[in-house]
Amino acid sequence: MNFNCVFPNCKYKENNIEEEEFLKHLRDKHHNEIISISEKEEIPINMVEMITVSNSKVFINS
Ligand SMILES: [Zn+2]
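Everything quoted here is computed from the prediction, not taken from an experiment.

Caption draft 1: How the structure looks around the pattern of salt bridges. Scanning all chains against the criterion turns up 3 salt bridges. Here aspartate 28 and lysine 29 are joined by a salt bridge, their closest N and O atoms 3.9 Å apart.

Caption draft 2: Seen up close, the nonpolar core. By size, the foremost hydrophobic cluster in this structure holds 12 residues: Phe3, Cys5, Phe7, Cys10, Tyr12, Ile17, Phe22, Leu23, Leu26, Ile34, Val48 and Val53. For this core, the elements supplying multiple residues, two or more each, are helix 1 (19-29) and helix 3 (45-56).

Caption draft 3: Just the packing of helix 2 (residues 31-41) against helix 3, in detail. Taken N-terminus to C-terminus, the directions of helix 2 and helix 3 make an angle of 115°; their axes are 9 Å apart at the nearest point. Of the possible angle classes, the one that applies to helix 2 and helix 3 is roughly perpendicular. By crossing handedness, the relation of helix 2 to helix 3 is classed as right-handed. Contacts from Ile34, Ile35, Ile37 and Ser38 in helix 2 reach Ile45, Val48 and Glu49 in helix 3. Considering only residue class, the contact of helix 2 with helix 3 consists of 5 nonpolar, 1 polar and 1 charged.

Cut-offs and rules
Note that residues are indexed from 1 along each chain, following the sequence as it is written. With pLDDT at 70 or above as the cut-off, local features in this predicted model cover only qualifying residues; side-chain atom pairs require 80 or more to be listed or tallied, and sums for whole chains, interfaces and linings still use all residues. In computing side-chain values, all of the structure's heavy atoms are included and hydrogens and water are not. Any Lys or Arg side-chain nitrogen located within 4 Å of an Asp or Glu carboxyl oxygen qualifies as a salt bridge. Within this scheme, the nonpolar core is defined by two criteria: the residues are buried Ala, Val, Leu, Ile, Met, Phe, Trp, Tyr or Cys, and they are joined through side-chain atoms within 4.5 Å. Only protein chains enter the accessibility calculation, which uses a 1.4 Å probe; a residue is then buried when its area is under 20% of its type maximum, exposed when over 50%, and partly exposed in between. Secondary structure elements follow DSSP: runs of H or I of four or more residues count as helices, runs of E of two or more count as strands, with numbering from the N terminus. Orientation is described by lines fitted to C-alpha atoms, with helices fitted over the stretch in contact, and by angles between N-to-C directions that extend from 0 to 180 degrees. To sort the angles, those under 35 degrees are grouped as roughly parallel, those over 145 as roughly antiparallel, those from 65 to 115 as roughly perpendicular, and the leftovers as oblique. Definitions for this section: a left-handed crossing has its near helix turned counterclockwise from the far helix by less than a right angle. A right-handed crossing has that turn clockwise. Whether two residues are in contact is decided by their heavy atoms, any of which lying within 4.5 Å being enough. Under this grouping Gly is polar, as are all residues other than the nonpolar Ala, Val, Leu, Ile, Met, Phe, Trp, Tyr, Cys and Pro and the charged Asp, Glu, Lys and Arg.

What follows is the structure, given as structure tokens:
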């Protein structure tokens, strides 16, 4: 699976990695952002992670 991190100012882009690997990146680099989204939107952290993972997936090669 290909991922292109949706967070602004993040240049993370990897091809052919597993979802868990991208999750590791999120927890490593975007922990604070994820928490603040979770608080702002009042949704659980794992939901924010899921949404972020899904939004960061690249389905079409460009
Ligand atoms: Zn990132």
